[in-house]
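Residues per chain are reported as follows:
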Amino acid sequence: HILDVKNNGHPGYTLYGLERAGLASGYKFFGKHDWYRELSAWVLETQQSDGSWNGGDTTACETAFRLLFLSRGMEPIFMGKLRWDGNWSNRPRDVALLTRFAGKALERKLNWQVLGLQRDWTDWTDAPVLLITSEDAPTLSDSDVVKLRNYALAGGLIFTHAENGSAKFNAFAADLAKRMFPEYPMT
């Protein structure tokens, strides 16, 4: 499977390629696997006592690619984008471009993530802000709303954006707020 780099002839290069794909796509998970967490644990377990990684004649190259892999995966997460069944990504580069802009303005590297509703809400907590955007109104189950409420109560900010001023999405956002926090009126 995609995370089986151990038996690959060039694991450092493969790790670097996976890291590039993960960061460019924003996906924290490849299938059920938290790619960075799982692979970085393996990389650190296989490090030699002198700080390098064994690659035979290519030890310097293996070490360089593994360090590149480790260096980018732990940059702070600026924002997550909620993935739901439907048109959740009409503008697929929106969060990536916003994150790049924020990183330049803050003068530091930042990452972003795509966060799926099928995951536990605790998997979303790397991202301090969760974006839900579309022209369409997502259909969320009661358990999805509970996840969003728990995320917000744990300190996460849920930011909604109605693309093209969509009345349907604005109605969804107001209804979502009522479902998440029925004890508080909208003001």
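Here the structure is shown first, and the text comes after it.
Residues numbered from 1 in each chain as written. Predicted model: local features only at pLDDT ≥ 70, side-chain atom pairs only at ≥ 80, totals over all residues. Heavy atoms only, no water.

So, on to the overall build of the chain. Looking only at helices and strands, the chain features six helices and six strands. Along the chain, from the amino end to the carboxyl end, the secondary structure elements read α-β-β-α-α-β-α-β-β-α-β-α. Taken along its principal axes, the extent of the C-alpha atoms in the chain is 65 × 35 × 25 Å. For the chain, the proportion of its 187 residues judged to be buried stands at 41%. Here the chain displays about 10,600 Å² of accessible surface, and carbon together with sulfur accounts for 55% of that area. Computing the positive centroid from 21 side-chain charges and the negative centroid from 22, the chain places the two 4 Å apart. (Helix = DSSP H or I, 4+ residues; strand = E, 2+ residues; numbered from the N terminus. Buried < 20%, exposed > 50% of the residue type's maximum accessible area, 1.4 Å probe, protein only. Areas by Shrake-Rupley, 256 points an atom, 1.4 Å probe, with all protein chains shown as cover. Lys, Arg positive; Asp, Glu negative; His and termini not counted. Charge placed at Lys NZ, Arg CZ, Asp CG, Glu CD.)

Moving on: the sheet that holds strand β6 (residues 157–162). Strands sit in the order β4-β3-β5-β6 across an open sheet of four strands; the sheet is parallel. Edge positions in the sheet fall to β4 (111–116) and β6, since each of these pairs with one other strand and no more. Averaged over neighbouring strand pairs, the angle between their axes works out to 30 degrees when direction is ignored. Direction of pairing for strand β5 (residues 129–134) relative to β6: parallel, over a ladder of six bridges. Bridging across to β6, Thr 133 finds its partner in His 161. (Pairing = 2+ DSSP bridges. Axes fitted to C-alpha atoms, helices over the stretch in contact; angles between N-to-C directions.)

As a packed pair, helix α1 (residues 11–25) and helix α2 (residues 35–45) sit with axes 11 Å apart at the nearest point and diverge in direction by 160 degrees. Comparing their axes, α2 and α1 come out roughly antiparallel. For the element pair α1 and α2, the recorded crossing hand is left-handed. Every residue of α2 that contacts α1 at Pro 11, Leu 15, Leu 18, Glu 19, Gly 22 and Leu 23 is listed here: Trp 35, Leu 39, Trp 42 and Val 43. Counted by class, the contact of α1 with α2 contains eight nonpolar, one polar and one charged residues. (Parallel < 35°, antiparallel > 145°, perpendicular 65-115°, else oblique. Left-handed = near helix turned anticlockwise from the far one by under 90°. Contact = heavy atoms within 4.5 Å. Nonpolar A, V, L, I, M, F, W, Y, C, P; charged D, E, K, R; others polar.)

Positioned with a positive phi, Glu 107 is a non-glycine residue whose angle comes to about 55 degrees. Mapped onto the elements of the fold, Glu 107 is located in the loop between α4 (94–106) and β4.

Moving on to the pattern of salt bridges. One pass over the full model with this rule turns up ten salt bridges. Here Glu 19 makes a salt bridge to Arg 20, at a shortest N to O gap of 3.4 Å. Using a relative accessible area of 34% as the deciding quantity, one classes Arg 20 as partly exposed. Of the charged contacts in the structure, one is a salt bridge between Arg 119 and Asp 123, with a shortest N-O distance of 3.3 Å. With relative accessibility at 19%, the residue Arg 119 sits in the buried group. (Salt bridge = Lys/Arg side-chain N within 4 Å of Asp/Glu carboxyl O.)

With that out of the way, let us pick up the packing of α2 against helix α3 (residues 59–73). Relative to each other, α2 and α3 sit at 140 degrees, their axes nearing to 11 Å. Considered as vectors, α2 and α3 are oriented oblique to each other. Note on packing geometry: the crossing formed by α2 with α3 is left-handed. Seen from α2, the contacting residues are Trp 35, Tyr 36, Leu 39, Ser 40, Trp 42, Val 43 and Leu 44; seen from α3, they are Arg 66, Phe 69, Leu 70 and Gly 73.

All right, on to α3 then. In this model α3 runs 22 Å from its N-terminal to its C-terminal C-alpha over 15 residues, within 8% of the 21 Å that 1.5 Å per residue would give. For α3, the set of buried residues is Glu 62, Thr 63, Phe 65, Arg 66, Phe 69, Leu 70 and Gly 73. Of the surrounding secondary structure, the elements contacted by the buried residues of α3 are α1, α2 and β4. (Expected span 1.5 Å × (residues − 1).)

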